[in-house]
Amino acid sequence: MSAYNVASLLKAPTGTMRVVEISETEPRFGPELPVRSPVQGQARFTRTEDGILVQGQVAATVEEVECSRCLTTFPLQVVTQFEEEFIPCVDVVTGSPLPPPEDETLRIDDRHVLDLTETFRQYLLIAVPLKAVCRPACKGLCPTCGVELNNGVCECDQEPTARPFAALATLLMPDRAQSIRQR
Ligand SMILES: [Zn+2]
Ligand SMILES: [Zn+2]
């Protein structure tokens, strides 16, 4: 998975930076986040006083995202920026244990391995929009018969959508509505 040995960076002075190419060819984020093609990106690892600050960007294709208009599923390309500070659980020089970080997922293990898998999972999940659309011009479903309007026009009368406004006109301008009705 997306694990990096950061022993040498932990030994370096505060402020030391390292650029890391991200290429996770077999992503496994669980059923919540179906990603089957490589996750690509770049990150900058910076030695801080307490640990290592990781800042970067990753891109992934999330499969089976549901279109909020037509309800079909489609693969969605997602790009997200991320930033987290990882904390070592042992002192890199002495090997003595250090107090654990508040967030277990931001822990550098006792072999100085920093794992970005959980960070990617969380940021990519957030990057999938709640109201995703399969394409900007998606026409969605007919509210009356449920036919997918991308495949053509349905048999429904388009009148119902106009009626609320007609009712409003009756309320606002009773005289005019009357005259329309009489025509
Ligand atoms: Zn759609
Ligand atoms: Zn219809």
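For the structure itself, consult the block above.
The following paragraphs examine the structure supplied in this document. Quantities reported herein were computed from a predicted structural model and do not represent experimental measurements.

The subject of this paragraph is the coordination of the zinc ion (ligand 1). For a metal bound by four donors in tetrahedral geometry, the ideal donor-metal-donor angle is 109.5 degrees, whereas six donors in octahedral geometry ideally sit at 90 or 180 degrees. Binding of the zinc ion (ligand 1) to the protein goes through C67 (SG), C70 (SG), C134 (SG) and C138 (SG), at separations of 2.3 to 2.4 Å. Coordination at the zinc ion (ligand 1) is tetrahedral: its four donor atoms span angles of 104 to 113° at the metal. On the primary sequence, the residues serving as donors to the zinc ion (ligand 1) are separated as C-x2-C-x63-C-x3-C. The exposure class assigned to C134 is partly exposed, which follows from its relative accessible area of 25%. Among the residues examined, C138 registers a relative accessible area of 5% and is labelled buried.

This model, assessed by the stated rule, comprises five salt bridges. We note a salt bridge from R36 to E64, for which the minimum N-O separation is 2.9 Å. Taken together, the positions of R36 in the loop between β2 (17-24) and β3 (39-47) and E64 in strand β4 (residues 52-66) put the pair 28 residues apart, joining distant regions of the chain. Residue class for R36 comes out exposed when judged on its relative accessible area of 55%. With its nearest N and O atoms 3.9 Å apart, the salt bridge here joins R107 to E104. Note on E104: relative accessible area 47%, which makes it partly exposed. Through salt bridges that share partners, E32, E118 and R121 make up one connected network.

For β4, the tally of buried residues reaches eleven of 15 residues, placing the bulk of the element in the interior. Pairing of β3 with β4, which is carried by eight bridges, proceeds in the antiparallel orientation. Within β4, the residue paired with F45 across the bridge is V54. Taken together, β3 and the strand that follows it, β4, pair antiparallel across an intervening segment of four residues. Relative to strand β5 (residues 73-88), β4 is paired through 13 bridges, and the arrangement is antiparallel. Paired with G56 across the bridge in β5 is F82. Counted along the chain from β4 to the antiparallel partner β5, the turn is six residues long, and its residue L71 has a positive phi close to 65°.

Basis of the calculations
- Residues numbered from 1 in each chain as written.
- Chains lettered and ligands numbered in written order.
- Predicted model: local features only at pLDDT ≥ 70, side-chain atom pairs only at ≥ 80, totals over all residues.
- Heavy atoms only, no water.
- Donors = N, O, S within 2.8 Å, 3.2 Å for Na, K, Ca; no water.
- Tetrahedral: all angles 85-135°; square planar, octahedral: opposite > 155°, others 65-115°.
- Buried < 20%, exposed > 50% of the residue type's maximum accessible area, 1.4 Å probe, protein only.
- Salt bridge = Lys/Arg side-chain N within 4 Å of Asp/Glu carboxyl O.
- Helix = DSSP H or I, 4+ residues; strand = E, 2+ residues; numbered from the N terminus.
- Pairing = 2+ DSSP bridges.

By themselves these figures say nothing about function.
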